[in-house]
Amino acid sequence: MRRLLPILAVLIIACAGRPSATTTTTETATTPTVPVTTSTTTTTTTTIPVTTTTTTSTTSLPIAVPGGRTFVAVVEQDLVEVDASSGMVIRTIREWFSGDGRYRGGIHLAPDGRFLYFTEGWEDSWYSCESSPGSVGRIDLETGAETILWTGTGVTLSPDGTFAAYLEASQCLPDPQEPDFWVLTPYDAVVVVDLRDMKPVSMVSRAPADSYDDPNALRAVAFHPDGDLVVLGEDGVLYQVPIGSQDPIQAHPQLLTGITAYEATVAGNALLTVEWNGAEGDAGEIELKAHDLSTGEVTWLLTTPWWITVGVDAEGGIIAASDDVVYPHLDNPVSVGGWVSAIDW
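Residue numbers run consecutively from 1 along every chain, following the written order of its sequence. Given that this is a predicted model, residues contribute local features only at a pLDDT of at least 70 and side-chain atom pairs are listed and counted only at 80 or more, while totals for whole chains, interfaces and linings are drawn from all residues. Side-chain descriptors were evaluated using all non-hydrogen atoms of the structure, hydrogens and water having been removed beforehand.

## Let's talk about the sheet that holds strand 14 (residues 199-204)
Taken in spatial order, the four strands of this open sheet run 9-10-13-14, and their pairing is antiparallel. Where the open sheet ends on each side, the last strands, each with one partner, are strand 9 (153-157) and strand 14. Taken pair by pair, the neighbouring strands of this sheet meet at an average axis angle of 20°, ignoring direction. At least two bridges found by DSSP between two strands is the condition for calling them paired. The helix count covers DSSP runs of H or I at least four residues long, the strand count covers runs of E at least two residues long, and both are numbered beginning at the N terminus. With three bridges connecting them, strand 9 and strand 10 (residues 163-168) associate as antiparallel partners. Bridge pairing in strand 10 places T153 opposite L167. Axis definition: a line fit to C-alpha positions, over the contact stretch in the case of helices; interaxial angles, taken between N-to-C directions, run 0 to 180 degrees.

Written out as structure tokens, the structure is:
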């Protein structure tokens, strides 16, 4: 199932071994210039019962590194804060944040540092309409309270932290391969929530998606620099969609085409994608690319043998990680001593 490919890729890479920082190479294209500074039912906003738990973190909050900067990452199973200059873990926010049948990633730190949003999925989730779509939660980094907020996946935040957006599935269908046991929940809607009052608004695909390969299915959502959404469809097209639009997502302007990635992030005026460049029988490599949203020109930012996870701050500054190596601003790599499956700052 296509929505499991990013998780499977990360797990396979983690089991394969760990490189040193010197095994990673960076390529830069000569021509592109991208600013990288840094049964059918009607679509409704599905809200699952909110559950909140409070857990005391290993160290008190907050911690500041004099003269330095920190990032938040899932390292092995733990959610930690790390000094960007040294790679030293300075506090553990949550032990066993991800693992043991529950997989959490796609973390996004609010600009004020108060909340951390994440996406949650479960092992064998395709057996149930309740677990298959995944869920979105957040952690209050001041109190330690953890809340599951919505049903969906791929949560992202606007640069000013006012809005959250995520993907939602309007249908739960029997899987043709094992209709008596498995279900499909292809994503075909985007939900935007105003975090000031928690009111949601939905934007839908031109028709409900009947499979993960359906051209009406959606892969990812992010925020455009001008405040609109950018939505990546299963058709490989990136659409620019005003928040609250009543028109189908595919009726809006096409910014990019031919995108093969299943995850996407915006930094400045560029769409960041992580893609595998191999072919069947070829190990290939993982590439981090920046696609200029105005011209379509592509810049290769990082190439490694291992899966890459990416975070972007409110000013468009990029941080990337591959296995146990982290690249703050895509420079000066540091090792954090464990596999990094999600990162943000």
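## Let's talk about the pattern of salt bridges
By definition, a salt bridge exists where a carboxyl oxygen of Asp or Glu is found within 4 Å of a side-chain nitrogen of Lys or Arg. Considering all chains together, one arrives at 10 salt bridges under this definition. A salt bridge links R91 to E81, with the shortest nitrogen-to-oxygen separation between them at 2.4 Å. Placement of the pair is R91 in strand 4 (residues 89-94) and E81 in strand 3 (residues 78-83), with a sequence separation of 10 residues. Exposed residues in this analysis have more than 50% of their type's maximum accessible area, buried residues have under 20%, and partly exposed residues fall in between, with area computed by a 1.4 Å probe over protein chains only. The buried category is assigned to R91, whose relative accessible area is 7%. Under the relative-accessibility criterion, E81 is labelled buried at 7%. As a salt-bridge pair, R196 and D194 come within 2.8 Å of each other at their nearest N and O atoms. Judged by relative accessible area, which is 65%, R196 ranks as exposed.

## Looking at the environment of G337
With respect to the helices and strands, G337 occurs in the loop between strand 26 (334-335) and strand 27 (340-344). For G337, a relative accessible area of 70% translates into the label exposed. C-alpha separation for the pair G337 and M88, spaced 249 residues apart in sequence, amounts to 8.7 Å.

## A word on the sheet that holds strand 24 (residues 318-322)
Across the sheet, which stays open at both edges, the four strands sit in the order 23-24-25-26 with antiparallel pairing between neighbours. Either end of the sheet is taken by a strand with one partner, and the two such strands are strand 23 (308-312) and strand 26. Bridging between strand 24 and strand 25 (residues 325-328) involves four bridges; their strand directions are antiparallel. Looking across to strand 25, one finds that S322 is bridged to V325.

## Here's the deal with the environment of L109
Mapped onto the secondary structure, L109 falls in strand 5 (residues 102-109). Along the backbone, L109 and D344 are 235 residues apart, and their C-alpha atoms lie at a distance of 6.3 Å.

## A look at unusual backbone geometry
The residue M198 is not glycine, and still its phi comes out positive at about 65°. By secondary structure assignment, the location of M198 is in the loop between strand 13 (189-194) and strand 14. M198 sits in the partly exposed class, given a relative accessible area of 32%. Within the chain, H329 stands out as a residue other than glycine whose phi angle is a positive 55°. Within the element layout of this structure, H329 appears in the loop between strand 25 and strand 26. Overall, the relative accessible area of 40% leaves H329 in the partly exposed class.

## Describing the state of the cysteines
The term disulfide is used for any two cysteine sulfur atoms that are within 2.5 Å. The final tally for this structure, using the stated rule, is one disulfide. With a sulfur-sulfur separation of 2.0 Å, C129 is cross-linked through a disulfide to C172. Between C129 and C172, the S-S dihedral sits near -85°, and the bridge is therefore left-handed. In this pair, C129 is assigned in the loop between strand 6 (115-122) and strand 7 (135-140) and C172 in the loop between strand 10 and strand 11 (173-174), connecting sequence segments 43 residues apart. Under the relative-accessibility criterion, C129 is labelled partly exposed at 37%.

## What to know about the packing of aromatic side chains
Pairs of aromatic rings are described using the distance from one ring centre to the other and the angle between the two planes. The criterion for an aromatic pair is that two Phe, Tyr or Trp rings (for Trp, the six-membered ring) have centres within 6.5 Å, with stacked assigned to planes under 30 degrees apart, edge-to-face to planes over 60 apart and tilted to the rest. Here the structure, examined in full by the defined rule, presents four aromatic pairs. With a centroid separation of 5.3 Å and 80° between ring planes, the pair formed by F97 and F118 is classed as edge-to-face. Separated by 21 residues along the polypeptide, F97 in the loop between strand 4 and strand 5 and F118 in strand 6 bring together distant segments of the chain. Judged by its relative accessible area of 0%, F97 falls in the buried class. The exposure class assigned to F118 is buried, which follows from its relative accessible area of 0%.

## A closer look at the confidence of the model for the chain
Mean pLDDT over the chain works out to 84, with 80% of the residues at or above the 70 mark. Confidence of the predictor in every single residue is expressed as pLDDT, which spans 0 to 100. A contact between two residues is defined here by any heavy atoms of the two lying within 4.5 Å. Throughout residues 1-67 the model reports pLDDT below 50, and contacts reaching past four residues in sequence, or to other chains, amount to 151 contacts.

## Concerning the pairing of strand 19 (residues 264-267)
Side-chain direction in a regular strand flips from residue to residue, so the side chains alternate between the two faces of the sheet. Sheet topology places strand 19 next to strand 20 (residues 270-276); four bridges connect them, and they run antiparallel. Pairing of A264 across the sheet is with T273, part of strand 20. Between the end of strand 19 and the start of strand 20, which pair antiparallel, lie two residues, with G268 showing a positive phi angle near 60°.

## Topic: the side chain of D83
Residue placement: D83 occurs in strand 3. Just so you know, the count uses Lys and Arg for positive and Asp and Glu for negative, and it drops His and the chain ends. An unpaired buried charge is present at D83: no salt bridge exists, and R69, the closest side chain of opposite charge, is 9.5 Å distant.

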